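Survey of secondary and tertiary structure
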Amino acid sequence: MNDIILQVENLSFTYPNRQCALIDINFQIEKGKKVFFHGANGAGKTTLFQCLNGLLKVRQGVIRLNGQIVKNERERMQFINIVFQNAEDQMIAGNVFDEVAFGPVNRGLPKEEVVKRVEQVMRQMNIEHLRNNPPHFLSYGEKKRVAIASILSMEQEMILLDEPTAGLDARQREELIETMNHLVNEGRTLLISTHDTDFSFRCADRVFVLHQGQLVGEGSAEEIFSLADLLEKANLAKPVLMEVYEKLLKYSYIKPGGLPHDMKEFSELLNNNQHEQ
Ligand SMILES: Nc1ncnc2c1ncn2[C@@H]1O[C@H](COP(=O)(O)OP(=O)(O)O)[C@@H](O)[C@H]1O
Ligand SMILES: [Mg+2]
């Protein structure tokens with residue numbers, strides 16, 4: 001049995017204007033996994049992430065981290081951090097270096113430790129050359145990398161990425177996927193909200209689906225994206241690779257076996273089938 005890092009039990013959340021955004025949510029997350037949350041706009045993804053990391057105060061339900069109930073929002077923030085959908089929302093400093101250093105400085109770490117961490121994550125996110133630039137004048141992709149770097153410098157175990165690919169070009173998306181893989185290899189756990197089912201089909205260890213504040217699906221990417229009714233209900237597109245694979249099977253262009261999750265696997269599948277003909 002793998003380590004369970006996060007357990008959510010009977011979590012409901014209602015905004016002060018009485019908008020009920022989450023209804024009796026229950027799930028658990030294994031350590032070191034990439035877990036994707038899907039759902040139409042307004043389904044409750046951002047609200048869920050903000051409840052988890054303590055930006056929103058949870059009055060109904062229980063959140064356990066490594067088995068312990070953690071009610072205190074500040075304590076949860078020390079463990080779970082969030083990269084906002086709009087990177088600008090979290091930028092406060094006058095230049096990139098200070099932006100990335102803000103968390104560790106605020107936590108009172110010694111100066112040498114702060115500099116060491118900041119240099120390391122700036123290298124990791126390829127933003128060293130931007131160190132003196134004001135964050136607000138960076139390109140969208142650069143801002144995103146700075147936002148992720150400023151979260152990484154705090155070394156939390158769990159990172160929530162709210163719609164991280166929105167606004168990224170193809171290359172930046174590949175870089176993001178590389179960063180995500182690097183983070184899970186370091187043992188961190190990632191929760192990612194997105195509309196992009198191709199992205200999750202390629203990367204997800206586990207997929208959850210929210211619909212009108214309720215958790216309506218959980219499974220592997222293959223399981224979830226095979227459920228036509230669920231995709232329809234939650235406004236989700238079937239991943240293109242899965243669609244193509246099924247069409248090729250249907251018209252007997254390929255033999256069944258080994259649904260490909262990225263273009264490399266897809267090419268291998270075509271190659272293997274060609275050799276067999
Ligand atoms: N600050 C807020 N005040 C009141 N209602 C909100 C607020 N933020 C979101 N909501 C409502 O809560 C529901 C869930 O929103 P949200 O969590 O942003 O969904 P998603 O991230 O999946 O698009 C929606 O009905 C939305 O209108
Ligand atoms: Mg959202």
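Residues numbered from 1 in each chain as written. Chains lettered and ligands numbered in written order. Predicted model: local features only at pLDDT ≥ 70, side-chain atom pairs only at ≥ 80, totals over all residues.

1. Digging into the overall build of the protein chain
Within the protein chain, the secondary structure is distributed over eleven helices and ten strands. Relative to a compact globule of 277 residues, whose C-alpha radius of gyration would be 19 Å, the protein chain shows 20 Å and is just as compact. Each principal axis of the C-alpha distribution contributes one length, and for the protein chain these read about 65 × 45 × 35 Å. At a minimum sequence separation of 6, the contacts of the protein chain that also span at least 24 residues come to 65%. (Helix = DSSP H or I, 4+ residues; strand = E, 2+ residues; numbered from the N terminus. Rg over C-alpha atoms; globule rule 2.2 N^0.38 Å. Contact = placed C-beta atoms within 7 Å.)

2. A short note on helix H4 (residues 111-124)
For H4, spanning 14 residues, the distance from its first C-alpha to its last is 20 Å, which sits close to the expected 20 Å at 1.5 Å a residue. Regarding H4, the residues found buried are Val114, Arg117, Val118, Val121 and Met122. Considered in projection along H4, the buried side chains sweep an arc of 125° and stay on one side of the axis. Counted as exposed and oriented over 90 degrees from the buried face of H4: Glu112, Glu113 and Arg123. Looking at the buried residues of H4, the elements they touch are helix H3 (96-106) and helix H5 (140-152). (Expected span 1.5 Å × (residues − 1). Buried ≥ 20, exposed ≤ 12 C-beta atoms within 10 Å, placed from the backbone. Arc of directions from axis to C-beta.)

3. Looking at the packing of H3 against H4
It is at 9 Å that the axes of H3 and H4 come closest, and there the two elements cross at 130°. Taken together, the axes of H3 and H4 are oblique relative to one another. The handedness of the crossing between H3 and H4 comes out as right-handed. For the pair formed by H3 and H4, the contact residues are Phe97, Val100, Ala101, Pro104 and Val105 on the first element and Val114, Arg117, Val118, Val121 and Met122 on the second. (Axes fitted to C-alpha atoms, helices over the stretch in contact; angles between N-to-C directions. Parallel < 35°, antiparallel > 145°, perpendicular 65-115°, else oblique. Left-handed = near helix turned anticlockwise from the far one by under 90°.)

4. A closer look at the site of ligand 1
Taken together, Tyr15, Asn17, Gln19, Ala21, Gly39, Asn41, Gly42, Ala43, Gly44, Lys45, Thr46 and Thr47 form the complete shell of residues around ligand 1. Counting residues per element, the shell around ligand 1 draws most heavily on helix H1 (residues 45-53), at three residues. Of the residues contributing to the shell around ligand 1, the split by class is three nonpolar, eight polar and one charged. (Near = placed C-beta within 6 Å. Nonpolar A, V, L, I, M, F, W, Y, C, P; charged D, E, K, R; others polar.)

5. Re the sheet that holds strand S1 (residues 4-14)
To summarise the sheet geometry, strands pair through backbone hydrogen bonds and adopt either a parallel or an antiparallel arrangement. Spatially, four strands are ordered S2-S1-S4-S5 in an open sheet, and the strand pairing comes out antiparallel. Single-partner strands in this sheet number two, and they are strand S2 (20-30) and strand S5 (68-69). Summarising the sheet, strand S4 (residues 60-65) and S5 pair through two bridges and their orientation is antiparallel. Bridge pairing links Arg64 to Ile69 in S5. Sheet contacts for H1: S1, S2 and S4; angle to S2, the most-contacted strand, approximately 65°. (Pairing = 2+ DSSP bridges.)

6. Considering helix H6 (residues 170-185)
An α-helix turns once every 3.6 residues. As a result, residues three or four positions apart point the same way. Between its first and last C-alpha atoms H6 spans 23 Å; for 16 residues at 1.5 Å apiece the expected length is 22 Å, and the two agree. The complete set of buried residues in H6 reads Leu176, Met180 and Leu183. Buried residues of H6, viewed axially, fall in a sector of 65°; they line one side. Along H6, the residues that are exposed and aim more than 90 degrees away from the buried face are Ala170, Arg171, Glu174, Glu178, His182 and Asn185. Tucked inside the fold, the buried residues of H6 contact strand S3 (34-38), strand S7 (158-162), strand S8 (189-193) and helix H7 (197-203). Phi turns positive one or two residues past the end of H6, at Gly187, with a value near 95°.

7. Remarks on unusual backbone geometry
The backbone of Gln212 shows a phi angle near 45°, a positive value even though the residue is not glycine. Locating Gln212 in the fold gives a position in the loop between strand S9 (206-211) and strand S10 (214-219). Of the residues examined, Gln212 has 16 C-beta atoms within 10 Å and is grouped as partly exposed. Here Ser252, not a glycine, exhibits a phi torsion of approximately 60°, which is positive. With respect to the element layout, Ser252 can be found in the loop between helix H10 (240-250) and helix H11 (263-276). Taking the C-beta count within 10 Å as the criterion, Ser252 has 7 such neighbours and is therefore assigned exposed.

8. Thoughts on the pairing of S8
Here is the key point about a regular strand: its side chains alternate between the two faces of the sheet. Taking burial as the measure, the five residues of S8 include five buried ones, the bulk of the element. Every second residue of S8 is oriented toward a common face, with Thr189, Leu191 and Ser193 on one face and Leu190 and Ile192 on the other, all of them buried. As defined by bridge partners, S3 adjoins S8 across four bridges and the pair is classed as parallel. Paired with Val35 across the bridge in S8 is Leu191. Here S7 runs beside S8; their pairing, made up of five bridges, is parallel. When the bridges of S8 are listed, Leu161 appears paired with Ile192. Each parallel crossover has a hand, and for S7 linked through H6 to S8 it is right-handed. (Right-handed = clockwise from strand over helix to strand, strands pointing away.)

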